[in-house]
Amino acid sequence: MTTTTRILIVEDEPDIVFSLREDLHRQGYETSVSRDGDDAIRRGTAERWDLILLDVMLPGASGFDVCAAIRRAGVRTPIIMLTARTREDDKEHGLDAGADDYVTKPFSLRELRARIRAQLRREERAPERTLTFGECELDVDRAELRRAGAPVDLTAQEFRILQVFVRRAGHVLSREQLIDAAWGPGMAITDRAVDTHVFNLRRKIEADPADPRVILSVRGLGYRFEA
Ligand code: CA
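Here's what I pulled together on the structure shown here. Predicted model, so just to flag it, every value in this text is computed and none were measured.

1. Here's the deal with the overall build of the chain
Part 1 of the argument: Secondary structure summary: the chain contains 8 helices and 12 strands in total.
Part 2 of the argument: Dimensions of the chain, computed from C-alpha atoms along their principal axes, come out at roughly 60 × 40 × 30 Å.
Part 3 of the argument: Each of the 227 residues in the chain was classed as buried or not, and the buried ones make up 45%.
Part 4 of the argument: Within the chain, contacts between residues separated by at least 24 positions form 56% of all contacts whose residues are at least 6 apart in sequence.
Part 5 of the argument: When the accessible surface of the chain is split by element, carbon and sulfur atoms take 47% of a total near 12,100 Å².
Part 6 of the argument: Averaging the locations of the 36 positively and 40 negatively charged side chains of the chain gives two centres separated by 3 Å.

2. Notes on helix α1 (residues 14-26)
Part 1 of the argument: Taking 1.5 Å per residue as the helical rise, α1 with its 13 residues ought to reach 18 Å, and the 18 Å between its terminal C-alpha atoms agrees with that figure.
Part 2 of the argument: Among the residues of α1, Ile16, Val17, Leu20, Asp23 and Leu24 are the ones counted as buried. Mapping the buried residues of α1 onto a view down its axis gives an arc of 145°, with all of them on the same face. Of the residues in α1, the exposed ones pointing more than 90 degrees away from the buried face are Pro14, Asp15, Phe18 and Arg26.
Part 3 of the argument: Glycine 28 sits one or two positions beyond α1 and adopts a positive phi of about 90°.

3. Quick notes on the coordination of the calcium ion
Part 1 of the argument: Around the calcium ion, the protein contributes the donor atoms Asp12 (OD), Glu13 (OE), Asp55 (OD) and Met57 (O), which lie 2.1 to 2.8 Å from the metal centre.
Part 2 of the argument: One chain supplies every donor to the calcium ion, and in sequence these donors are spaced D-E-x41-D-x1-M.
Part 3 of the argument: Under the relative-accessibility criterion, aspartate 55 is labelled buried at 2%.
Part 4 of the argument: Exposure remark for methionine 57: the relative accessible area of 48% places this residue in the partly exposed category.

4. Quick look at the sheet that holds strand β10 (residues 172-173)
Part 1 of the argument: Across the sheet, which stays open at both edges, the 3 strands sit in the order β10-β12-β11 with antiparallel pairing between neighbours. With one partner strand each, in any of the chains shown, β10 and β11 (215-218) form the two edges of the open sheet.
Part 2 of the argument: The pairing of β11 with strand β12 (residues 222-225) spans 4 bridges and is classified as antiparallel. Bridge pairing links serine 217 to tyrosine 223 in β12.
Part 3 of the argument: Packed on one face of the sheet, helix α6 (residues 156-167) meets β10, β11 and β12 and runs near 70° to β12.

5. Thoughts on the sheet that holds strand β2 (residues 30-34)
Note on sheets: strands pair through backbone hydrogen bonds, and any given pair is parallel or antiparallel.
Part 1 of the argument: Here 5 strands make up an open sheet; going across it, the order is β2-β1-β3-β4-β5 and the pairing parallel. A single partner strand is all that each edge strand has here, and the edge strands are β2 and β5 (101-104). With direction set aside, neighbouring strand axes in the sheet form an average angle of 20°.
Part 2 of the argument: As defined by bridge partners, strand β4 (residues 79-83) adjoins β5 across 4 bridges and the pair is classed as parallel. Bridge pairing links methionine 81 to tyrosine 102 in β5.

6. Topic: the packing of aromatic side chains
Part 1 of the argument: Tallying each qualifying case throughout the model produces 3 aromatic pairs.
Part 2 of the argument: Both rings, one in phenylalanine 133 and one in phenylalanine 225, keep their centres 5.1 Å apart while their planes meet at 75°; by these two values the pair is edge-to-face. Here the residue phenylalanine 133 occupies a position in strand β6 (residues 130-133), and phenylalanine 225 occupies one in strand β12, the gap between them amounting to 92 residues.
Part 3 of the argument: We classify phenylalanine 133 as buried; its relative accessible area is 2%.
Part 4 of the argument: Among the residues examined, phenylalanine 225 registers a relative accessible area of 1% and is labelled buried.
Part 5 of the argument: Residues phenylalanine 165 and tyrosine 223 carry aromatic rings whose centres are separated by 6.3 Å and whose planes lie at 90° to one another, so their mutual orientation is edge-to-face. Placement of the pair is phenylalanine 165 in helix α6 and tyrosine 223 in strand β12, with a sequence separation of 58 residues.
Part 6 of the argument: The buried category is assigned to phenylalanine 165, whose relative accessible area is 0%.
Part 7 of the argument: Under the relative-accessibility criterion, tyrosine 223 is labelled buried at 4%.

About the criteria used
- Residues numbered from 1 in each chain as written.
- Predicted model: local features only at pLDDT ≥ 70, side-chain atom pairs only at ≥ 80, totals over all residues.
- Heavy atoms only, no water.
- Helix = DSSP H or I, 4+ residues; strand = E, 2+ residues; numbered from the N terminus.
- Buried < 20%, exposed > 50% of the residue type's maximum accessible area, 1.4 Å probe, protein only.
- Contact = heavy atoms within 4.5 Å.
- Areas by Shrake-Rupley, 256 points an atom, 1.4 Å probe, with all protein chains shown as cover.
- Lys, Arg positive; Asp, Glu negative; His and termini not counted.
- Charge placed at Lys NZ, Arg CZ, Asp CG, Glu CD.
- Expected span 1.5 Å × (residues − 1).
- Arc of directions from axis to C-beta.
- Donors = N, O, S within 2.8 Å, 3.2 Å for Na, K, Ca; no water.
- Pairing = 2+ DSSP bridges.
- Axes fitted to C-alpha atoms, helices over the stretch in contact; angles between N-to-C directions.
- Phe/Tyr/Trp six-rings, centres within 6.5 Å; stacked < 30°, edge-to-face > 60°.

What follows is the structure, encoded as structure tokens:
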């Protein structure tokens, strides 16, 4: 059975909307358009999308705020930011808000198509949606963690780190690899900040955080997740 890939276009400039829609339809995608930030937050969290294209400069909430709000709601749909700016900190800001990728305007449709395909492929490769380890059960789609049946509160960042661990279970991950995967390549996150997040995660998922059995420390190398 094939299902249509649904893309939400969040963009207020009619010309760009027009060319994006036309091109994406030609690629066989189904699209819907949201023209302001507040509407995008509503639709991005309430409806199910395969991918979201998100402009930064919008009426209402900015693209960064939209992205952060969608992630806070636990939605992990791939988000590609469309930014008119080229400043490095805007790119960081976007990735920090939880975007998966970004393209700088003016972008070529061909480049954007490639970025879209890359994000959709990544989603297809994603492992099973419910994962169990120790006494925990992680529902990846809903960003929900239960421990012995009781819901556990995770921050968005803790959830992302946990996802990385789960996907690479059994492998040693350096702090740098964790930063690349959970924050975004080249993000200025200190090793100490990574350790703090891991410390907090352990308190939430380990039976005895002082004697971790799920997230193990590998001296001099990093961490290893044991499912
Ligand atoms: Ca705009």
